[in-house]
Amino acid sequence: MPWNRDAMAARAAAELTDGSYVNLGIGLPTLVPNHLPTGVDVILHSENGILGVGPYPYDHEVDPDLINAGKETVTCVPGGSFFDSALSFGLIRGGHIDTAILGAMQVSADGDLANWTVPGTMVKGMGGAMDLVHGARRVIVVMEHTARDGTPKIVSQCTLPLTGRRVIDRIITDLAVLDVTADGLVLRELAPGLSVDEIRRRTGASIDATSAIEVMTVQ
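Here is what the cut-offs are and how they apply
- Residues numbered from 1 in each chain as written.
- Predicted model: local features only at pLDDT ≥ 70, side-chain atom pairs only at ≥ 80, totals over all residues.
- Heavy atoms only, no water.
- Helix = DSSP H or I, 4+ residues; strand = E, 2+ residues; numbered from the N terminus.
- Rg over C-alpha atoms; globule rule 2.2 N^0.38 Å.
- Buried < 20%, exposed > 50% of the residue type's maximum accessible area, 1.4 Å probe, protein only.
- Core = buried A, V, L, I, M, F, W, Y, C linked by side-chain atoms within 4.5 Å.
- Contact = heavy atoms within 4.5 Å.
- Polar contact = N/O pair within 3.5 Å; in protein donor to acceptor, adjacent residues only side chain to side chain.
- Pairing = 2+ DSSP bridges.
- Right-handed = clockwise from strand over helix to strand, strands pointing away.
- Arc of directions from axis to C-beta.
- Salt bridge = Lys/Arg side-chain N within 4 Å of Asp/Glu carboxyl O.

A. How the structure looks around the overall build of the protein chain. Looking only at helices and strands, the protein chain features four helices and 14 strands. Since a compact globule built from 219 residues should have a radius of gyration of about 17 Å, the 17 Å found for the protein chain is in line with a globular shape. For the protein chain, the spread of C-alpha atoms along the three principal axes comes to 50 × 40 × 30 Å. Going through the 219 residues of the protein chain one by one, you find that 49% of them count as buried.

Set out below in structure tokens:
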């Protein structure tokens, strides 16, 4: 069975180390803090100028002036700090963010990322993703393996406008975990009950599956 969204978020959370500085994209990546392993605490960064983003607020805690980069109301943990966008992007561009976890529309076999627009649609802007994928020390994509129409989102070459070239380190989907290496895509883990042939059929690029293992549960 494919992993559900919580299982995907839990698998991404397992990538994080205690004390690391982490930036989470909108959507599925925002579930990651709910699944951090015991003993692992991370400092969440939001590119609009927060270091130490806390949980989403209960109704009585909502402060309309305290929002993240996705314009969602948030809280701030004790010791958190606020600063302007110039300093926030200085942290990103200076290589001070350990891990960025983002969604994607397409990822190529070379680690190219397309996640900000589909031609012909209206978007408010590209946000901070272009800076994050070049500035963060490690970039992980969390997404469904295929689009709603069944077409692969992992492809030989991206056909959508790029966010960055050769920037992705690891891809976590509802079907598998893959690494982007100098030799191409390497399949590391399979969701329970899925075969390598099934992953190949749903992937639009060649993959090396010699080291793949089936993972029955995600804690």
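Further notes follow.
B. Spotlight on the nonpolar core. With 56 residues, the main nonpolar core has Leu113, Ile168, Ile171 and Leu185 as its most contacted residues. Beyond its immediate chain neighbours, meaning those up to four positions away, isoleucine 171 contacts Val107, Val141, Met143, Ile154, Ala176, Val177, Leu178, Val180 and Leu185.

C. Spatial organisation of the side chain of aspartate 179. Examined against the element boundaries, aspartate 179 turns out to sit in strand 11 (residues 176-181). There is a polar contact of 2.6 Å between the side chain of aspartate 179 and the side chain of arginine 170. Leaving out residues up to four positions away in the same chain, aspartate 179 has contacts with Asp169, Arg170, Gly184, Leu185, Val186 and Arg188.

D. Local environment of helix 1 (residues 5-13). Of all the nine residues making up helix 1, seven are buried; the element is thus mostly covered by neighbouring parts of the structure. The complete set of buried residues in helix 1 reads Ala7, Met8, Ala9, Ala10, Arg11, Ala12 and Ala13. Where helix 1 is buried, its residues contact strand 5 (99-102), strand 8 (138-142), strand 10 (170-172), strand 11 and strand 12 (184-190).

E. Broad picture of the pairing of strand 12. With six of its seven residues buried, strand 12 lies for the most part within the structure. Sheet topology places strand 11 next to strand 12; six bridges connect them, and they run antiparallel. Looking across to strand 12, one finds that valine 180 is bridged to leucine 185. Bridge count for strand 12 against strand 13 (residues 207-208) is two bridges, and the pairing is parallel. Among the inter-strand pairings, leucine 185 is bridged to a residue of strand 13, identified as isoleucine 207. Assessed by its sense of winding, the connection that carries the chain from strand 12 through helix 4 (residues 196-201) to strand 13 is right-handed. The pairing of strand 12 with strand 14 (residues 213-214) spans two bridges and is parallel. Directly across from leucine 190, in strand 14, lies its bridge partner glutamate 214.

F. A look at the sheet that holds strand 9 (residues 154-155). The strand order across the open sheet formed by three strands is 7-6-9, and the pairing between neighbours is mixed. Two strands lie at the open edges of the sheet, namely strand 7 (113-114) and strand 9, each paired on one side alone. Of the strand pairs in this sheet, strand 6 (residues 106-108) and strand 7 are connected by two bridges, and their pairing is antiparallel. Following the sheet pairing, valine 107 is matched in strand 7 by leucine 113.

G. Summary view of helix 2 (residues 85-93). Where helix 2 is concerned, the buried positions are Ser88, Phe89 and Ile92. Buried residues of helix 2, seen end-on, are gathered within an arc of 90 degrees and therefore sit on one face of the element. Just past helix 2, the residue glycine 95 takes up positive phi, approximately 80 degrees.

H. Examining the pattern of salt bridges more closely. This structure, assessed with the given rule, holds eleven salt bridges. Across the salt bridge formed by glutamate 15 and arginine 138, the nearest N and O atoms sit 2.8 Å from each other. Here glutamate 15 is found in the loop between helix 1 and strand 1 (21-24), whereas its partner arginine 138 is found in strand 8, with 123 residues between them in sequence. According to the relative accessible area criterion, arginine 138 is partly exposed, its value standing at 26%.

I. Quick peek at the pairing of strand 5. Of the two faces of strand 5, the one holding Thr99 and Ile101 and the one holding Ala100 and Leu102 are both buried throughout. Here strand 1 runs beside strand 5; their pairing, made up of three bridges, is parallel. Its bridge partner lying in strand 5, asparagine 23 is registered against alanine 100. Where strand 5 lies against strand 8, four bridges are found, and the strand directions are parallel. Counted as the bridge partner of threonine 99 is arginine 138 from strand 8.

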